[in-house]
Amino acid sequence: MDQCTLCQGPVDQATGICLRCGQKSPDNLFDQPTAVVLPQVTPDRRCPRCGEATSRGQQFCRRCGLSLPSLPGQQEGQLIGLPAGARGSEAGATADSARPFQPLPGSTGSWWETSTLPFITTKSEHTAPPRVLKRRVWFTMVLLVVAGISGSGGYLLMYARTQLPGSPVSGVGRPNASATGVSTSSTTPTPSPPVGTGYWHTNGIQIVDEAKQPVRIAGINWFGFESSTYVVHGLGQRDYHDLLRQVKTQGYNTVRLPFSDQLFFASSVPNGIAFNNGMNQDLQGRNGLQILDKIVAAAGQLGLRIVLDHHGVDAGSQVQLWSASDCSVSCFESDWRMLARHYLGNPTIIGADLDNEPHGPACWGCGNPSVDWQMEAQKLGNEILAINPHWLIFVEGVECYKGDCYWWGGNLEGVADAPVELSVPHQVVYSPHDYPPEVYNLSYFSAPDYPNNLPRIWDTHWGFIVKKGLAPLWLGEFGTQLASTKDQLWFRSIISYLGPGVRGINWAYWALNPDSADTGGILQNDWVTVNQNKQNYLNPIEFPLGAIQEGMAERRRTAVQTA
């Protein structure tokens, strides 16, 4: 064979070395046809920018990279000739494959698009003259650096995009990625748990759930455990499951359950429960605490929460302080410790309302342990939290503070001077009670600026606690029969004062029971029919836990403030 398979030049038959390119053609390439068209290699022009000699068909200056104009007669896609002495094996390989030079993916229009790049060999007998070689080495090094930066930069960009939240992940170039391009990791944010999940604590003036989402207690009182029936009222008319479902349907999220110390006496037998027509079957033969357990469990299944309220010592009576002759302070404290242990680990019960409406000699911060309610609340609260650290500790006020007397349990002015400080932080909630003139006609109800004076009265006695950012408030009792214009004005004013939404003041209406002599109930005397007039006032300040219950949104849209 007398023709080089690499450059088509004449070959020395004895040595097999091409007399033109100086390369030895591989034996297996001999006699193979080629489609390579030899370019002109004589430098016939110079780069207009740097003066570098260029050849016909060369598209870019090898020195400065300037795009060169085509010369007359140059064919589209014509191979660019290499200077004499340069390696020709790569050019020969391209020619042998009979296909044009392929640019790097995505490199259309880039400076490396053509096959003009020289190749360098370390063998001295095949190298170009020193000056030309230095230029080619420099150009090749620049090419390799730029190509490396471009490649790594592209990979880093691709990788960075896959790490951005919400960015689509193709799976290309990622370990263990799906061949179909399906992402191996979810880009959907983890949804928050339902509002009200887990144990609750405080954050400033806000009650928050376990996930630190703000919640609002929108509750109702269901009394009876503190009475001589030793069980919530209404079970002579309905099944307790049905009553709890109605509480939930009406939009309340919490039930305040009053009890007395006498409930836990061995001689106290629950009574007044109907068992006909399948009602309350699982309450038969149970004592007061066991029935309380049943109601707590049923409430938890519905997503309702419970606050336990020490309403008095003896059934059916209310004392000024938190003890009596048949149940001392130690008895009172022991019952709370028992309940804290009994319900430990049960998040349905969110806390303990330590004592209902201390009044008379009860003082706040006076330093006398037998009557100082602030001192007793702090001591008992710490004892409860030592057993059950997740409970909220609800602390009511007293009647009088520094000569200013108000509703029983409704005067919290002393908090400004002597707050309740607990060993477990973020657990104290202050809880006033407030009522309209039909319950007791205090002097400010007859003021010329009534009802506009009411916000100022509330600010003074309990509202300042949230306005000054001291702690959350829970209005544990308020209610009315709406029997007079004065009462209606009071009810509208206090609803407005509590405020809408999750940032509003927590509350529990008194009461579900129609047998409340002072206020009547949300339920009418048949223990079934809702007093819609009252309910319409409360609808705008309700707060559902978790998902909005069916029908609640519609009730809120149609709720009308009673004139």
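Our structure's up above, just so we're on the same page.
I will try to describe carefully the structure that is included in this document. (Residues numbered from 1 in each chain as written. Predicted model: local features only at pLDDT ≥ 70, side-chain atom pairs only at ≥ 80, totals over all residues. Heavy atoms only, no water.)

## Description of the pattern of salt bridges
Note the cut-off: Salt bridge, as used here, is a side-chain nitrogen of Lys or Arg placed within 4 Å of a carboxyl oxygen of Asp or Glu. Every helix listed is a DSSP run of H or I at least four residues long, and every strand listed is a run of E at least two residues long, numbered separately from the N terminus. Here the term buried applies to any residue with accessible area under 20% of the maximum for its type, exposed to any over 50%, and partly exposed to those in between, with areas from a 1.4 Å probe on protein chains only.
Counting across every chain of the model gives 12 salt bridges. Here Lys379 ties to Glu383 by a salt bridge, and the two come within 3.0 Å at their closest N and O atoms. With Lys379 and Glu383 both in helix α6 (residues 373–387) and four residues apart, the pair spans about one turn of that helix. Here Lys379 falls in the partly exposed class, since its relative accessible area comes to 40%. Its salt-bridge partner being Lys467, residue Asp459 comes within 2.9 Å of it at the nearest N-O pair. Judged by relative accessible area, which is 23%, Asp459 ranks as partly exposed. One salt-bridge network, in which partners are shared between bridges, spans Arg256, Asp309, Asp353, Glu396 and Glu477.

## A word on the environment of Arg238
Here is the rule: Note on definitions: a residue-residue contact is assigned when non-hydrogen atoms from the two residues lie within 4.5 Å. Distance and chemistry together define a polar contact, namely a pair of N or O atoms within 3.5 Å, with one atom able to donate a hydrogen and the other to accept it when in protein, and with adjacent residues in sequence counting only for side-chain atoms on both sides.
With respect to the helices and strands, the residue Arg238 is situated in the loop between β6 (218–221) and α3 (240–249). On a C-alpha basis, the gap between Arg238 and Ala274 in space is 7.6 Å, while along the polypeptide they are 36 residues apart. Those residues in contact with Arg238, other than ones at most four positions away along the chain, are Leu243, Gln246, Met279, Asn280, Leu523, Trp527 and Val528. A distance of 2.8 Å separates a polar atom in the side chain of Arg238 from the backbone oxygen of Trp527.

## Looking at α6
To keep things clear, this is the line we draw: Each residue after the first adds 1.5 Å to the expected span of a helix. The directions considered for the arc are those from the helix axis to the C-beta atoms.
Here α6 spans 21 Å end to end across 15 residues, near enough to the 21 Å set by a 1.5 Å rise per residue. Looking only at α6, the buried set comprises Trp373, Gln374, Glu376, Ala377, Leu380, Gly381, Ile384 and Leu385. Seen along its axis, α6 keeps its buried residues to an arc of 155°; they face one direction. In this structure, the buried side of α6 is in contact with α5 (329–342), β9 (349–353) and β10 (392–396). You can read the cap of α6 off the contacts: a side-chain oxygen lies 3.1 Å from the backbone nitrogen of Gln374, and it is on Asp372.

## Notes on the state of the cysteines
The test is simple: By convention in this document, the label disulfide applies to cysteine sulfur atom pairs within 2.5 Å.
By the definition in use, this model includes three disulfides. Sulfur-sulfur distance for the disulfide between Cys363 and Cys366 comes to 1.8 Å. Given a relative accessible area of 13%, Cys363 falls into the buried group. Exposure remark for Cys366: the relative accessible area of 44% places this residue in the partly exposed category. Counting only the cysteines that form disulfides, in the order they appear in the protein chain, gives the pairing 1-2, 3-4, 5-6.

## Re the side chain of Glu413
Within the fold, Glu413 resides in the loop between β12 (404–405) and β13 (428–431). With sequence-adjacent residues up to four places away left out, Glu413 is seen in contact with Tyr401, Asp404, Thr460, His461 and Phe464.

## Some points on the sheet that holds β6
Rules: Note: two strands are recorded as paired if DSSP finds a minimum of 2 bridges between them.
Strands sit in the order β13-β10-β9-β8-β7-β6-β15-β14 across an open sheet of eight strands; the sheet is parallel. With one partner strand each, in any of the chains shown, β13 and β14 (474–475) form the two edges of the open sheet. Judged from the two bridges that link them, β14 and strand β15 (residues 506–509) form a sheet pairing that is parallel. Across the sheet, residue Leu475 finds its bridge partner in β15, namely Trp507.

## Quick look at unusual backbone geometry
For the bond running from Tyr450 to Pro451, omega is 5°, close enough to zero to count as cis. Along the chain, Pro451 turns up in the loop between β13 and α7 (454–467). Looking along the chain, the bond that leaves Trp510 and enters Ala511 is cis, with omega of 5°. With respect to the helices, strands and loops of the structure, Ala511 is situated in the loop between β15 and α9 (532–538). Residue Lys402 is not a glycine yet carries a positive backbone phi of 50°. With respect to the helices and strands, Lys402 occurs in the loop between β11 (400–401) and β12. In the Ramachandran plot, Trp527 falls in the positive-phi region, its phi being about 65° despite a non-glycine side chain.

## A short note on the packing of aromatic side chains
For clarity, the threshold we go by: Planes of paired rings set the category: under 30 degrees apart is stacked, over 60 is edge-to-face and the rest tilted, where pairs are Phe, Tyr or Trp rings (Trp by its six-membered ring) whose centres lie within 6.5 Å. Our definition puts a charge over a ring when NZ of Lys or CZ of Arg is within 6 Å of the ring centre and also within 35 degrees of the ring normal.
The tally for this structure, following the rule as stated, stands at 21 aromatic pairs. Arranged with centres 4.9 Å apart and planes meeting at 45°, the rings of Trp322 and Trp373 form a pair that is tilted. In this pair, Trp322 is assigned in the loop between β8 (305–312) and α5 and Trp373 in helix α6, connecting sequence segments 51 residues apart. Per residue, the accessibility class of Trp322 equals that of Trp373, and both read buried. Each ring, one from Trp458 and one from Trp462, has its centre 6.4 Å from the other, and the planes form 40°; the classification is tilted. Here Trp458 pairs with Trp462, and both are found in helix α7, just four residues apart, close to one helical turn. Residue classification places Trp458 among the buried positions, given a relative accessible area of 0%. Counting every residue linked through ring pairs, the aromatic cluster contains Tyr252, Phe478, Trp490, Phe491, Trp507, Tyr509 and Tyr537. A cation sits over an aromatic face here: Lys486 above Tyr450, 5.9 Å from the ring centre.

## Examining α3
When we look at burial in α3, the residues that qualify are Tyr240, Leu243, Leu244, Gln246, Val247 and Lys248. Its side-chain oxygen placed 2.8 Å from the backbone nitrogen of His241, Asp239 serves as the N-cap of α3. Just downstream of α3, Gly251 is the residue with a positive phi angle, here 100°.

## Concerning the packing of α5 against α6
The criterion, for reference: Fitting a line to C-alpha atoms yields each axis, with helices limited to the stretch in contact; the angle taken between N-to-C directions then spans 0 to 180 degrees. An angle counts as roughly parallel when it lies under 35 degrees, as roughly antiparallel when it exceeds 145, as roughly perpendicular when it falls between 65 and 115, and as oblique in every other case. Whether a crossing is left-handed or right-handed is set by the direction in which the near helix is turned from the far one by less than a right angle, anticlockwise for left-handed and clockwise for right-handed. Each residue is assigned to one of three groups, with Ala, Val, Leu, Ile, Met, Phe, Trp, Tyr, Cys and Pro labelled nonpolar, Asp, Glu, Lys and Arg labelled charged, and all others, Gly among them, labelled polar.
Following both chains from N to C, one finds α5 and α6 inclined at 30°, their axes separated by 9 Å at the closest point. The angle between the axes of α5 and α6 places the two elements in the roughly parallel class. Both α5 and α6 take part in a crossing whose hand is right-handed. Where α5 approaches α6, its residues Val329, Phe332, Glu333, Trp336, Arg337, Ala340 and Arg341 are matched on the opposing element by Glu376, Lys379, Leu380, Glu383, Ile384 and Ile387. The class makeup of the residues in the contact of α5 with α6 is seven nonpolar, no polar and six charged.

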